[in-house]
Amino acid sequence: MSAPPTPSSRPTVTEREARQVAEAAREQDWRKPSFAKELFLGRFRLDLLHPHPLPADEDVQRGEEFLAKLRDFCETKINGAVIERDARIPDDVITGLKELGAFGMKIDTKYGGLGLTQVYYNKALALVGSANPAIGALLSAHQSIGVPQPLKMFGTREQKDTFLPRCARTDISAFLLTEPDVGSDPARLATTAVRDGDDYVLDGVKLWTTNGVVADLLVVMARVPKPEKGEGGKDGKGGITAFVVEAASEGITVENRNAFMGLRGLENGVTRFHRVRVPAANRIGPEGAGLKIALTTLNTGRLSLPAMCVGAGKWCLKIAREWSVVREQWGKPVALHEAVGSKISFIAATTFALEAVLDLSSQMADEDRNDIRIEAALAKLYGSEMACLMADELVQIRGGRGFETAASLEARGERAVPAEQLLRDLRINRIFEGSTEIMHLLIAREAVDAHLSVAGDLIDPDKTLSDKARAGAQAGVFYAKWLPKLVAGPGQLPRSYADFHPSGHPDLSGHLRYVERTARKLARSTFYAMSRWQGRMETKQGFLGRIVDIGAELFAMSAACVRAEHLRAKGDHGREAYQLADAFCRQSRLRVEELFGRLWSNTDDLDRKVVKGVLGGAYEWLEQGVVDPSGDGPWIADATPGPSQRENVRRAIG
C-alpha cells in the first residue's frame, strides 16, 4: 500500500470564486412548473395548488397505522422531562424507535423501510417532536439529510443495497458539511479527500455534526484536489465530493459533544478525520458533485423543520387555550382581555397557515408534478420564523410561569408546562439547514432568476460592450412581453375566485384577489429594483429579504385559502377552517403592506454607515461600563489537519 497522501491547506478564494462555486451547485433548469417561481414573476397560478392534491388511499392507511403506533410510543416510552434533565435521549428510547421502524420512515419497503410519503413523514416528525424536539432532530437529520436521502436520489444500486437496509433498522446516519471556519460559504471547504488507488484518504475537521456523536454512517463533504495535467481517469475532476463513511473507521475521532441553549438531547459534535481511508465505491455521484447533491437533497429535506414547527404551533395553541380559560384577571379569563386574545388569535391562525403550507408542499413533493425547491425553502423560512414568534407569545401569555422551568413548576405543585424550553428548542430552526439570512438570499436568487437569465451579460462586469449590446436587445424583448402582463389581472375583477365564497362562510375570494394583485406589484417592484441597481442588486440584501418575505406571506395566504376550501369540501371543520384562513389572511395583509413600505423607505444606507463605524471602532466608547464574562479562547477553533489529541467521545447505540 502506498503512503497516505498529504492533505492540502485551506483554499483561498475570492468573493467572485465563492459565488461561482455556489452558482455551479445550484439547480438551474426548471423542467416542471413552480407556483412560487410564478408568484415572484407576478403570475398567480392558483391552478397549481387548487384543487388541493390528495394522497393515495393506501398511503393514508399505511401512514395512519404508523402514526397510531408512534403516538402510543410517544405517550408511554418518551419522557421529555428526563431528556431535558439528563441532556441525553436514553438508549432504550432510540432502540425502541429503531424497532418501531421510525429510522426507516422515508426508506422504500424493499430495503426494509416503511415507505411513508412526505406528508406522513412530516406528520410523524411533528408528533415525535412534540414529545421531545431533540428526538425529532435525531430522526430528521438521519433521514432528511443523512445517508438515506442522498443515496435515494444519487446512489448506485450497490450503495442502496448495502446501506439503506442498515439505515432503515439498525444504523444512525449524520451529515457532515460545516467546518469551524466554513458555514454557508462552501468554496472554502478545507477537509480533503485525496485519491490513493481504490480509496480516498480523508483529512479535516467537521463542526456541528448533528447525530455525529452516535452515528454509524456519515455523509461527508470533502474537497478532492483537481488532478494535474495528464493525471486522473474518468472520475478525476476534483472538487467538493460526497462520501458515505463508516463512523467507526480508523482515524475518526469525535472530539467533543457540543451543548446548546436548546435541544439538550441533541447528539451534535466535532469530528476529526486523520488519514481515514474510504473506498472509492462509497463516493456518492461523480467528483465535484457534492454541493449539488447536498442542495438537491435539501429541496425536500427542508420540509422536516417546518413539520416540527407546525407541531410546536399546535402545542402552543393547546396550552394557550387551556391556561387562558383557567387564569382570571380582573374578574374574567385572561383570554377575554383583548391584549391576550390577539395573541391567541395569532397563534391559532398562524398554526393553521403553517400546516396548510406544509401539507400542500409535502403533497406536491409526493406527486412530483411540480418543482417545489422555492416552496420548500419558503416553508422552512416562514415556519421557523413564525414558530419562534408563537412560542414567544405563549411565554408572554403564561407570564412569570412562562419564564419558569417545567421542573420548577412541578416542584412547587403546578402543572409542568415547558414553555420556556420550547422557546429555546425552536430558536435553532432559524439557523439549521440555512439561516434566515441565507434563506433570504437563496430564495431571492431563484426569484430573480428570470431577470438574471435575460440580463446576465448586461450586468456582468467582465463582458465586452458588444456582449452587453446583445444582452440589452434580448432583455428588451423579454420585458416588452412581460411588463404589460403586470398591469391588470383577475385580482381586479370582483367575481374572481368565487369558489372561495360559499354561502354562510367568510369570504376568502377577496384574499385571493389581493394575492393576485400583490404578486404583480411584487414583480413590478423587483423589476424597478433590477433596472435601478442592475449588477449591484445582489448586494441589496435588505431589499431582497423583504421581497422574499412578501412572497412567503402570499404563498402562506394562498395555501391557507386552498386548505380551508379543501376541508369545507370534504365536510371536515370547513366553517372553522374558513374563519382561521380569514383571520390569517387579514393578519398577513397587514404584514405585507408594512414590508412594501419598507422596500423603499428604510434605514439600509444609514445602517451600512453605522456598521462601518462600529467595525472601525468609532463607537467603542459606547461599550464602556460593563465587564465581559467571555473566556480567553480563540473565536474560531484550530482545525489544522492531523492526528487527534483528544479522547474519542463517540458512543454506539445498542
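About the thresholds
Residues numbered from 1 in each chain as written. Predicted model: local features only at pLDDT ≥ 70, side-chain atom pairs only at ≥ 80, totals over all residues. Heavy atoms only, no water. Helix = DSSP H or I, 4+ residues; strand = E, 2+ residues; numbered from the N terminus. Rg over C-alpha atoms; globule rule 2.2 N^0.38 Å. Contact = heavy atoms within 4.5 Å. Areas by Shrake-Rupley, 256 points an atom, 1.4 Å probe, with all protein chains shown as cover. Phe/Tyr/Trp six-rings, centres within 6.5 Å; stacked < 30°, edge-to-face > 60°. Buried < 20%, exposed > 50% of the residue type's maximum accessible area, 1.4 Å probe, protein only. Core = buried A, V, L, I, M, F, W, Y, C linked by side-chain atoms within 4.5 Å. Patch = residues over 30% accessible without salt bridge, like charges linked within 9 Å, V, L, I, M, F, W, Y side chains within 5 Å. Salt bridge = Lys/Arg side-chain N within 4 Å of Asp/Glu carboxyl O. Disulfide = S-S within 2.5 Å. Expected span 1.5 Å × (residues − 1). Axes fitted to C-alpha atoms, helices over the stretch in contact; angles between N-to-C directions. Parallel < 35°, antiparallel > 145°, perpendicular 65-115°, else oblique. Nonpolar A, V, L, I, M, F, W, Y, C, P; charged D, E, K, R; others polar.

J.: Got a sec to walk through the overall build of the chain? Specific residues and values, please.
T.: Counting its secondary structure elements, the chain contains 23 helices and ten strands. Relative to a compact globule of 654 residues, whose C-alpha radius of gyration would be 26 Å, the chain shows 26 Å and is just as compact. Structurally, the chain occupies a C-alpha span of about 80 × 75 × 65 Å along its principal axes. Within the chain, contacts between residues at least 6 apart in sequence are counted, and of these 78% link residues at least 24 apart. Carbon and sulfur atoms provide 53% of the accessible area of the chain, an area that totals close to 30,300 Å².

J.: Tell me about the packing of aromatic side chains, residues and numbers included.
T.: Taken as a whole, this structure holds eleven aromatic pairs when the rule is applied. When the ring of Phe35 is compared with that of Phe555, the centres are 5.9 Å apart and the planes differ by 40°; the resulting orientation is tilted. Pair noted here: Phe35 is in helix α2 (residues 35-40) and Phe555 is in helix α21 (residues 541-569), with a separation of 520 residues, a long-range link. Assessed through its relative accessible area of 1%, Phe555 is described here as buried.

J.: Lay out the nonpolar core with the relevant residues and their values.
T.: Of all hydrophobic cores here, the largest spans 137 residues; its most connected members are Met105, Ile135, Leu378 and Phe500. A total of 16 residues in this core trace back to one element, the largest contributor, which is α21. With 25 residues, the next largest nonpolar core counts Ile145, Leu189, Ile240 and Val244 among its residues.

J.: How would you summarise a nonpolar patch on the surface if you had to cite specific residues and measurements?
T.: On the surface, Leu606, Val610, Val611, Val614, Leu615, Tyr619, Trp621 and Leu622 cluster together to form a nonpolar patch covering roughly 830 Å² of accessible area. We classify Leu615 as exposed; its relative accessible area is 72%.

J.: Could you give an account of the state of the cysteines, with specific residues and numbers?
T.: Enumeration according to the criterion identifies zero disulfides in this entry. Left without a disulfide partner, Cys316 is nearest to the cysteine sulfur of Cys388, which lies 10 Å away. Since its relative accessible area comes to 0%, Cys316 is described here as buried. Considering cysteine sulfurs only, Cys561 is the nearest to Cys585, which forms no disulfide, with 3.8 Å between them. What makes Cys585 buried here is its relative accessible area of 0%.

J.: Could you give an account of the side chain of Thr350, with specific residues and numbers?
T.: Turning to its location among the elements, Thr350 is positioned in helix α12 (residues 338-367). Residue Thr350 is classed as buried on the basis of its relative accessible area, which comes to 0%. Thr350 has contacts with Met386, Met390, Phe584 and Gln587, leaving out every residue within four places of it along the chain.

J.: Could you give an account of helix α10 (residues 290-301), naming the residues involved and the relevant values?
T.: At 3.6 residues per turn, the α-helix brings residues three or four places apart onto the same side. When the terminal C-alpha atoms of α10 are compared, their 16 Å separation across twelve residues agrees well with the 16 Å that a helix rising 1.5 Å per residue should span. The buried count for α10 comes to ten of twelve residues, which makes it a mostly enclosed element. Within α10, burial applies to Gly290, Leu291, Ile293, Ala294, Thr296, Thr297, Leu298, Asn299, Thr300 and Gly301.

J.: Can you break down unusual backbone geometry residue by residue, with the values?
T.: Omega for the bond connecting His50 with Pro51 falls within 30 degrees of zero, at 0°, which places this linkage in the cis form. The residue Pro51 is located in the loop between α2 and α3 (57-77) in this model. Residues other than glycine seldom take positive phi values, yet Asp368 does so here, at roughly 60°. Tracing the backbone through its elements, the reader meets Asp368 in the loop between α12 and α13 (373-398). Judged by its relative accessible area of 47%, Asp368 falls in the partly exposed class.

J.: Lay out the packing of helix α6 (residues 118-131) against helix α7 (residues 133-145) with the relevant residues and their values.
T.: It is at 7 Å that the axes of α6 and α7 come closest, and there the two elements cross at 150°. On the basis of the axis angle, α6 is roughly antiparallel to α7. Side by side, α6 and α7 meet where Tyr121, Leu125, Val128 and Gly129 of the first sit next to Pro133, Ile135, Gly136, Leu139, Ser140, Gln143 and Ser144 of the second. A breakdown of the residues in the contact of α6 with α7 according to their chemical character gives six nonpolar, five polar and no charged.

J.: Outline the pattern of salt bridges, listing residues and values.
T.: Here the structure, examined in full by the defined rule, presents 41 salt bridges. For Glu393, the salt bridge is made with Lys343, and the minimal N-O distance between the two is 3.0 Å. Of this pair, Glu393 sits in helix α13 while Lys343 is found in helix α12, placing the two residues 50 residues apart along the sequence. Lys343 sits in the partly exposed class, given a relative accessible area of 21%. In this structure, the salt-bridge partner of Arg563 is Glu355, at a minimum N-O distance of 3.6 Å. Of this pair, Arg563 sits in helix α21 while Glu355 is found in helix α12, placing the two residues 208 residues apart along the sequence. A relative accessible area of 15% means that Glu355 is categorised as buried. What emerges from the salt-bridge pattern is a single network uniting Lys123, Lys314, Glu355, Asp359 and Arg563.

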